[in-house]
Every structure is written in structure tokens, then in C-alpha cells.
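Overview (structure and organization)
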Protein chains: 2
Amino acid sequence: MQTLPGFRDFYPADCAARRCVFDTWREVARRYGFVEMDGPTLEPVELYKKKSGGELVGQLFDFVDKGERHVALRPEMTPTLARMVAAKEREFKKPLKWFSIANYFRYEKQQKGRLREFTQLNCDLIGEASPAADAEMIALAIDLMRGFGLGAEDFVVRVNDRNAWMQFLAARNIAAERAPDFLQIIDKLEREEPGVTTKKLADYNLTRVELDDFLARPPAELGGALGPLAADLEARGLREFVEFDPKIVRGLAYYTGVVFEIFDRPRKFRALAGGGRYDNLIATLSDNAVDLPALGFAVGDVVLLELLRALPHTAAKLAAATRAAGSPELYVVIADETFRPQALGLIRALRDAGRRVDFSLTAAKVGKQFQTAETLGATHAVVLGAEWPQVKLKTLATRAEETLSHIELPARLSRSNAAARAT
Amino acid sequence: MQTLPGFRDFYPADCAARRCVFDTWREVARRYGFVEMDGPTLEPVELYKKKSGGELVGQLFDFVDKGERHVALRPEMTPTLARMVAAKEREFKKPLKWFSIANYFRYEKQQKGRLREFTQLNCDLIGEASPAADAEMIALAIDLMRGFGLGAEDFVVRVNDRNAWMQFLAARNIAAERAPDFLQIIDKLEREEPGVTTKKLADYNLTRVELDDFLARPPAELGGALGPLAADLEARGLREFVEFDPKIVRGLAYYTGVVFEIFDRPRKFRALAGGGRYDNLIATLSDNAVDLPALGFAVGDVVLLELLRALPHTAAKLAAATRAAGSPELYVVIADETFRPQALGLIRALRDAGRRVDFSLTAAKVGKQFQTAETLGATHAVVLGAEWPQVKLKTLATRAEETLSHIELPARLSRSNAAARAT
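**Things to note about the environment of Arg277(B)**
Residue and element names in this part refer to chain B. With respect to the helices and strands, Arg-277 occurs in strand β10 (residues 273–277). Arg-277 sits in the buried class, given a relative accessible area of 4%. Within the structure, Arg-277 has its side chain in polar contact with the side chain of Asp-134 (distance 3.0 Å).

Right under this line is the structure:
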């Protein structure tokens, strides 16, 4: 029997790599004062019909449950988050800084970087309209990448503000209602025949030269929040990670202001992350007239892990973390089966002291036990036999060994680890 | 819009409590040399029809997906695990010690301790038939409870070996095929009218006295693996956490040997954990004739959190962990807006040094900034203004403050934390 197409088995090495990603996400988000939340995996389908828009709704895993409810596996967190915030916003001090690490489901065509079940980190900042909030979020997105050892030579955040285009259109007396269609032209700019674009621009009485002139402006002259945003990121020393690019408009209908995407510099992979401002969404989803400005972004595990595995310096870090996650610190070698009860007592004491300890559950030759210790990647072996209550502590890498009372063992290991950390 | 019945929103405080549970589970499982795995949330429905048995199949969230596949949200991990092990067992050294922390879905009647989406820790040991493996698993289950500060006065592991009953029946010339029906009588012993039981026993030519005599035996005389199991747990100093009780037989069809359940001592709650040996299951689910002895257990988050919140000593620990998860270490107070760029640079440096730092994204009165720092539960405030590059470091609990250069701040905070840890 096989897994379903687009779904993954996580054997221990893959699970450890993913765990390393989750731990880094959580640690960096918490540095920014974000607190974790989560919602249900299954939601009423209307939650998504009400807002996610065409493409996501077409990709839903939806069905009717045993209670005749039309339900869907969540394809994204934002509608759940907006519902939760709208329901209890009075209980929390604004701005809210919330993150989640959760699984999502989309019935997509199978291709590189796209799966039907995947994990995302979502970070959302709710209740603050200032560009300082946009800067805080972009800084967090940058540090999430830096947390894996990625540098400015590895990735870039491409930023725009949809309001820059709104001002561009207003200055040319083009009605705001025409903006969604106009943004479609911008979204397709890099993929479409130049002749087609020129023809479409003509409908707005615009020329390609006029457009290219706007695209070439420095951020402070583009309008919207881009000037203050650039200054804030400069003050944080993070300007080198960012490119201001008015061509970034993002597909989802609910974005209202600053939007951004993260790509690997050579553009070999799909987007690593994306997000933006959605100032009207909470009001749309609220049953009780809650209206709060908000912005957020998501980072997925699939493309990120592809990139981390492809770059030598991050692949090495990931491999080391994976090895460490799978290895006990200590392997207890029982050299004389008569002393198995004593070994069991010692193992319990070591585990109670927080050590990761493994041993052979059945009688085995001493050589085979050492072999297992090495295969598992243990750093030390404790050999226990007729010398009890004396035991031998062996450092497997150096073969150095010393004899000591089993009572001294926990303290001896703490000193040894402290010394290893200090060097 | 509401969550579906039996599904949960996790606001930050609830999410932090659950995170504390997951972290403890992971840490204790790793002390025992267990490594983490995971599988897909959605599986072909046949995976469960093939083995989970009546009750679970009736509770499936199953549906037909957009590709006409009959699929189900996983109600348990064991079939996925057995499939994964059968597919790649040659790549791994036996015994395997694998754990997972994952979400499960069962369409159950809503009641205390039962939800339709819940999380379980699953631990499985595969490839070892010896009672030493059963003891290792029961010891792990005990330490998982002890990890939360629960003691022998708070919980008990009730253990039996189905083989003890097989030997009981064989000694009385009762055919092995009659064992499943006979075990139903044992399973209902505490709930059924004594008269009904006596009548049912008569079908096997057994008397209630004969049965009670068997039930009262010490573990070593019950048969099966119970004698060696008791001795092993005694050597580990864990005997006080265990009661051997032949009345525990567990419902699931696939158990073949030792079975156990964990309850709170006063029996106010549902079972906290349960599991046992399922030596034939991997062969049943294998497409390639893999046959390995195995055993495992699961602990759920729902009942465990109810218990931890109900007992004063564990509730206090949980609350402290929850508070800590939601609080920044440092709040940067910007006393003079002119110095916001310097503040942004300092905040970046502190976060780069791994500190959890928050600040006001917009101009606010100094008093209000301090108030926010206290509300968020920050331990220190850094006040930054006209004295720059000097800043003030204030310990919020004691109101103690000192002035120092912002360059010294990261090192100063490390010393302060080290001192706090040492006391």
C-alpha cells in the first residue's frame, strides 16, 4: 500500500530535518515577541468560500461529514486567524503578534516544490497600520532565513506596496475600480509578450515608456509606504536583503498595501515565502463589526528544505542537526548479564538526569554492543560488569576511557559536556 | 462563524500549554533513544479497513477526493507506521524505537475527554520480542507522566499479558479460538451484573471462584511475560507505578501479548494512555512478507491536559511555562523618538544575539511603554534616548537600574541571566 500522491512519509532523518526547520522558525519568531496559536485542521467550507478566492477554493479537500456538514481541510491559516481575532479581540493587547506552524492541504497538480499536504509558518501582526509594522514583519522574514545560515547572497526579499500603484493610477485620473484589472497586467509583465502588454496599457492611455519610468524610481519616490519602509530597514542594517520592485503585486484578492515575496537569488526555486497587508479581511470575516488593520506572511517547508539541501553550507548544518537528533548520548554496554538489574537501575538514574541513553534489551556480545553504540552515533559508552559498583566510561571518538564509581557518573558527564561546550 | 463541534481553537495560552506537553513528550522519548517520525494526515481508507477494526472504521472522517480516491483522515498512527516499517525495514537497525506527535480525527460523540481532532504521542518499539522490550516501553510511559511532575500518588499503570489468559485457557483445555469471546467477558467484568458473568463462565465450564482465584495471583504466577516484566521494573525502581491486573485486556483486535493502560489514581478521568504488543500486525499490513514483533502505546493531549490542570502542583508548572512562552525577555523603551533609528539597530543586535525583544512600533509616552512591558511580562526594559550611546537597563521586578553603553548590553544580559540561573 502506498501513500496518496502529494503526501509524504517522514522517516526519522526527514522528520529530524523538518524538526530543525520548525525549531528555527519558532525560536526566531519568539525573538520578535511573537506568540504561538493554532486552529482546527478541519473548518466549515464557507470560511474559505467567503474569502480565499477562486484558485484556493478550486483546490479544497472538501466533503460532507457524518453530521451532514460541508467541511474542508484548511488550505491556509488566514481565515481561521481572522475568525479567532474577531471573536476575542478585546481580550488581547494590540498589536497582536501571533505565529503558527501547521499543516495545510491543497489539491494541486503534482510538481517540484508543490505537494498536497505541506507545513507553513504563518506570522501575523494585527492592529497596527503604521509602515513600522510592515518593516517589523519584513525584518522577521529576513531573520527567519538568516536563522538557517542563509545570507544576502542566497536570498532576496522583493517588496512593493499596492498603494504605490493606486497613487500612480490616481495621478493619471484612472478610476480605482479599474485597479484589479490593471494589476493583472503588472503581475504578468515578466511572462507576457511585450507587444501584448503595450496593447493592454493603451486601454489605460498609458505607454510602456511611462510604465518603465515608474518602475525605475527609487523606493522613496514610488509612493505608498515604501519610503518609510526602506528607511526603517536601513536603520536595522537589513537593507541589503531587500529589493523594492513594483512588479510584485501577488495574486490573492485580499491584499491592500505592502506585499512581498522571498526568492533564492539565482531564482532556481519557487517563492520561499510571501505575504502582505490585508487591512479589510478581519472586518469581512467578523460577525461583530471588528475592524483591525493586519498583515502577515507564510513560509512553507517544501521549497525551503529543497533550498537548504541544495546549498552546501546549509546542507551541512541540516545534516549535523539531523544526525544529532537521531543519536543517544550514552550507550550502556552490559559486559556481564549477571549485572543487568544494576544496569537497569543505572540507566534509569541517567535518564532521570536528562541523559539520552540506549542499551541492548537482550544479551549480546560486548563487541556487538559497541558496534551498535557506534552505529547509533552515541558519544560515550558506559561499560558495566564484574567491577560493579565501578564502571568504565569510554569516549567513543577518542577511545579514551576511565574507571569510576557509577555514583559519580552523572556529575562526571556534566563536567565532560561543559568542557566540550567550552572548547 | 464557529469552529466545528469537537474541534478546537488554540489561542496563545492554550497553545503554550499544549506546546509544554509536546516538548516534555519529545524530551522524555529522546532520553529513551526514540527518534521522531511522521506520516501523512490523509491515507487511503483501505489502510484502516484492513486492520483498525469495527469501532474506528465507523468513526472515520472519510470521503472521495477530486481524483476519485476513497481517503480518510488518520484516526491512529499504527497502520501508517506498520506500512512504513514494512516498506523499508532493511534500512534500519533493529529494534526500531520510533515516536510521533501528530493529530488524529475520529467522528465521536462529544463528551468530556473526547474530541474529534486531538493530538497523540505514539511510541513504538519494533523488532524485539523479549519482555525486556515491554518493560522498556512501560518504563517510558511512566517517565512520560513523571516528566510533568506526576508521582505514584497521581497515576498508575495497569498491566496485563493476554498470553496469561491463553495459558489459563490452555490449562483448562479450552480451545484458543474461543479466546476472543472469553476476553470479552473479562473486559466487561467490572461493569456487568455478577450473575450474568457467572452464567457466561459456565459456557466454559468455569466458576467465578476459579476466576477470582486466578485474578488474585501475584504477577510471576499469572504466566505470560508478567514475571520477567515485574522483575525488570523492580530493578529500575519503577515497581510502585505499576499494578498487574489480569482484567486489563483492551478492545483493539490486534493486541497479542502485554497490554497496559494508565489512569489517574482516583479514576476521575478517562484513560491517560494505552497500548500493548501487536506482534502480527506488521506482517498483516506488509506487501513483502516482512514479519516483526512490535509493541506501542499512545498518550493523548486531551485527558492529560485535563489532569494537569486539575492537580495543583502540575497546574502551577503548566501556568509558569505558559507565562514564560508568551513573554519577551526585553522591552526596548524609546524615550526620545529622534533615536528610533538607533533603537531599531540595537533591537536587531539583541535579537541577533538570541534575545526575545519587543518594542512599540509607533511613538508612545514612556509611561505607556513601561506599562506594555509589564503587561507582556518582560523581565527587563532597556531605555534609550538622549543619553545615547548610553542606555538604561532596568530590572522590572526590582526596579533596579543601571546605565551602560549599548555595546556592553548583550554581554551584560548574559551575565545577568547566568547569575539568575545560578541562584
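**A closer look at the interface of chain A and chain B**
Listed by partner, the interface residues are 92 residues for chain A and 92 residues for chain B. Approximately 7,900 Å² of surface area, both sides summed, lies buried where chain A meets chain B, with 59% of it carried by carbon and sulfur atoms. Taken as a group, Met1(A), Tyr11(A) and Leu361(A) account for 11% of the area that chain A buries against chain B, more than any other trio of residues on that side. If you look at where chain A meets chain B, you find 14 salt bridges. Note that Asp352(A) is salt-bridged to Arg146(B), the shortest N-O span being 2.9 Å. Here chain A and chain B share 38 residue pairs in polar contact (both at pLDDT 80 or more) between them. With eight residues, the single largest contributor to the side of chain A that touches chain B is helix α1 (residues 12–31) of chain A. The residue makeup of the side of chain A that touches chain B, split by class, is 39 nonpolar, 17 polar and 36 charged.

**Details of the pattern of salt bridges**
Should their charged atoms come close, side chains of opposite charge can pair. One pass over the full model with this rule turns up 82 salt bridges over all chains. For the salt bridge of Glu27(B) with Arg31(B), the shortest nitrogen-to-oxygen distance reads 3.0 Å. One end of the pair, Glu27(B), and the other, Arg31(B), are both in helix α1 (residues 12–31), four residues apart, so they sit about a helical turn from each other. Assessed through its relative accessible area of 37%, Glu27(B) is described here as partly exposed. The class of Arg31(B) is buried, set by a relative accessible area of 12%. Between Glu192(B) and Lys200(B) there is a salt bridge; the shortest N-O distance is 3.0 Å. For Glu192(B), a relative accessible area of 21% puts it in the partly exposed group. The exposure class of Lys200(B) is partly exposed, given its relative accessible area of 28%. In the salt-bridge network here, residues are joined through shared partners; they are Lys97(A), Glu136(A), Asp232(A), Arg236(A), Arg351(B) and Asp358(B).

**Things to note about unusual backbone geometry**
Here the amide bond leading from Lys94(B) into Pro95(B) is cis, since omega sits at -5°, within 30 degrees of zero. Inspection of the secondary structure puts Pro95(B) in the loop between α4 (78–88) and β5 (96–105). A cis amide bond, omega 10°, links Trp388(B) with the succeeding residue Pro389(B). Within the secondary structure, Pro389(B) sits in the loop between β14 (380–384) and β15 (390–395). Backbone geometry places Asn173(A), a non-glycine residue, at a positive phi of 60°. Mapped onto the fold, Asn173(A) is located in the loop between α6 (162–171) and α7 (179–188).

**Notes on the sheet that holds strand β13 (residues 357–359) of chain A**
All names here are of chain A. The strand order across the open sheet formed by five strands is β13-β12-β14-β15-β16, and the pairing between neighbours is mixed. Two strands bound the open sheet, and with one partner strand each, they are β13 and β16 (401–405). On average, adjacent strands in this sheet sit at an angle of 25° to one another, irrespective of strand direction. Relative to β13, strand β12 (residues 330–334) runs parallel, the two sharing three bridges.

**Overview of the relation of the copies chain A and chain B**
Once chain A has been moved 0.0 Å along the axis and rotated by 180°, it coincides with chain B to within an RMSD of 0.1 Å. Such a turn and shift between the copies fits a two-fold axis. Residue Phe63(A) of chain A places its C-alpha closer to the rotation axis than any other residue of that unit, at 3.1 Å. Interface overlap between copies is the fraction of interface residues in one copy that are interface residues in the other; for chain A against chain B it reaches 100%, indicating a shared surface.

**Section: α6(A)**
All names here are of chain A. Turning to α6, its buried residues are Arg-162, Ala-164, Trp-165, Phe-168 and Leu-169. The arc that holds every buried residue of α6, seen down its axis, measures 155°, which confines them to one face. On the buried face of α6, the contacting elements are β7 (155–161), α7, α9 (208–215), α10 (219–222), α11 (226–235) and β9 (258–264). Taking the backbone nitrogen of Asn-163 as reference, a side-chain oxygen 2.8 Å away marks Asp-161 as the first, capping residue of α6.

**Side note on the domain arrangement of chain A**
Domain annotation of chain A identifies domain 1 (12–321) and domain 2 (328–422). Of note, the centres of domain 1 of chain A and domain 2 of chain A, computed from C-alpha atoms alone, are 50 Å apart.

**Looking at the side chain of Arg26(A)**
Here Arg26(A) is to be found in helix α1. The exposure class assigned to Arg26(A) is buried, which follows from its relative accessible area of 12%. Among the polar contacts made by the side chain of Arg26(A), one reaches the side chain of Glu36(A) at a distance of 3.1 Å. Discounting residues that sit within four places of it in the chain, Arg26(A) has contacts with Arg19(A), Glu36(A), Phe99(A), Ile101(A) and Arg19(B).

**Some remarks on the pairing of strand β15 (residues 390–395) of chain A**
Residue and element names in this part refer to chain A. The pairing of strand β14 (residues 380–384) with β15 spans four bridges and is antiparallel. The partner of Ala-381 across the bridge, within β15, is Lys-394. Taken together, β14 and the strand that follows it, β15, pair antiparallel across an intervening segment of five residues. As defined by bridge partners, β15 adjoins β16 across five bridges and the pair is classed as antiparallel. Its bridge partner lying in β16, Leu-393 is registered against Glu-402. The antiparallel hairpin formed by β15 and β16 contains five residues in its connecting segment, where Arg-399 sits at a positive phi of about 65°.

Conventions used here
Residues numbered from 1 in each chain as written. Chains lettered and ligands numbered in written order. Predicted model: local features only at pLDDT ≥ 70, side-chain atom pairs only at ≥ 80, totals over all residues. Heavy atoms only, no water. Helix = DSSP H or I, 4+ residues; strand = E, 2+ residues; numbered from the N terminus. Buried < 20%, exposed > 50% of the residue type's maximum accessible area, 1.4 Å probe, protein only. Polar contact = N/O pair within 3.5 Å; in protein donor to acceptor, adjacent residues only side chain to side chain. Contact = heavy atoms within 4.5 Å. Buried area = accessible area lost by both parts, 1.4 Å probe. Salt bridge = Lys/Arg side-chain N within 4 Å of Asp/Glu carboxyl O. Nonpolar A, V, L, I, M, F, W, Y, C, P; charged D, E, K, R; others polar. Pairing = 2+ DSSP bridges. Axes fitted to C-alpha atoms, helices over the stretch in contact; angles between N-to-C directions. Least-squares fit on C-alpha atoms with pLDDT ≥ 70 in both. Arc of directions from axis to C-beta. Domains from an automatic or database assignment.

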